[in-house]
Amino acid sequence: MAEQIVNEFTVNRPIDEAWPIICDLERIAPCMPGAQLDEIEGDIHRGRVKVKLGAVAPEFKGEAHFVERDDEAHTAKLVGKGRDTKGRGNASADISAAAEALSPTSTKCTVVADIH
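All of the points below concern the structure found in this document.

What counts and how
Residues numbered from 1 in each chain as written. Predicted model: local features only at pLDDT ≥ 70, side-chain atom pairs only at ≥ 80, totals over all residues. Heavy atoms only, no water. Salt bridge = Lys/Arg side-chain N within 4 Å of Asp/Glu carboxyl O. Helix = DSSP H or I, 4+ residues; strand = E, 2+ residues; numbered from the N terminus. Buried < 20%, exposed > 50% of the residue type's maximum accessible area, 1.4 Å probe, protein only. Phe/Tyr/Trp six-rings, centres within 6.5 Å; stacked < 30°, edge-to-face > 60°. Lys NZ or Arg CZ within 6 Å of the ring centre and 35° of its normal. Contact = heavy atoms within 4.5 Å. Polar contact = N/O pair within 3.5 Å; in protein donor to acceptor, adjacent residues only side chain to side chain. Core = buried A, V, L, I, M, F, W, Y, C linked by side-chain atoms within 4.5 Å. Patch = residues over 30% accessible without salt bridge, like charges linked within 9 Å, V, L, I, M, F, W, Y side chains within 5 Å. Areas by Shrake-Rupley, 256 points an atom, 1.4 Å probe, with all protein chains shown as cover.

### Observations regarding the pattern of salt bridges
Counting across every chain of the model gives eight salt bridges. Glu63 is the partner of Arg46 in a salt bridge, and the nearest nitrogen-oxygen pair spans 3.4 Å. Placement of the pair is Arg46 in strand E3 (residues 44-50) and Glu63 in strand E4 (residues 59-70), with a sequence separation of 17 residues. The salt bridge involving Asp71 is made with Arg69; its shortest N-O contact spans 2.8 Å. What makes Arg69 partly exposed here is its relative accessible area of 41%. Salt bridges here are not isolated pairs; linked through shared partners, they connect Glu39, Glu41, Arg46 and Glu63.

Dropping the structure here:
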């Protein structure tokens, strides 16, 4: 069973300044509630994410990496996978990000995550 999460946000920076930061997982991870980046090995980013699902709050430890990144089109796709730290299951995510210039000084980013 998959769950889709869509998030849109606007930053007051030109797209050419905003896009490299949006794709910098080391800088972005602290902005995500419940996420912690533990290590980077080449293109693989390892860490954990704690997710509250009703009365349950599992913590997943795993890794993510870019499978596609087009800096000219300002689009990227990532794949992440992790295992519950208490051994109760695993999860994966297919994440797409796209940025568009709203003005010379403003950028809109849309992130779609399909969680399995």
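### A short note on the packing of aromatic side chains
Taken as a whole, this structure holds zero aromatic pairs when the rule is applied. The residue whose ring lies beneath Arg69 is Phe66, and the NZ or CZ to ring-centre distance is 5.6 Å.

### Details of the environment of Leu37
In this structure, Leu37 sits in strand E2 (residues 35-41). On the basis of relative accessibility, which here comes to 27%, the residue Leu37 falls in the partly exposed class. Sequence-wise, Leu37 and Ile21 are 16 residues apart; in three dimensions their C-alpha atoms are separated by 16 Å. Beyond its immediate chain neighbours, meaning those up to four positions away, Leu37 contacts Leu25, Glu26, Ala29, His45, Arg46 and Gly47.

### Thoughts on the side chain of Asp84
Here Asp84 is to be found in strand E5 (residues 75-84). Of the residues examined, Asp84 reaches a relative accessible area of 6% and is grouped as buried. A polar atom in the side chain of Asp84 sits 2.7 Å from the backbone nitrogen of Lys86. For Asp84, the residues in contact, after removing those within four places along its chain, are Pro58, Glu59, Phe60, Gly89 and Asn90.

### A few points about the nonpolar core
Formed by Ile15, Ala18, Trp19, Ile22, Cys23, Ala76, Ala99 and Cys109, the largest nonpolar core amounts to eight residues. A per-element tally of this core places helix H1 (residues 15-22) first, with four residues. For Ala76, the contacting residues outside a window of four places in its chain are Trp19, Phe66, Glu68, Arg69, Ile95, Ser96 and Ala97.

### Notes on a nonpolar patch on the surface
Taken together, the side chains of Val51, Leu53 and Val56 make up a nonpolar region of the molecular surface, amounting to roughly 240 Å² of accessible area. For Val56, the position within the fold is in the loop between E3 and E4. Owing to a relative accessible area of 45%, Val56 belongs among the partly exposed residues under this scheme.

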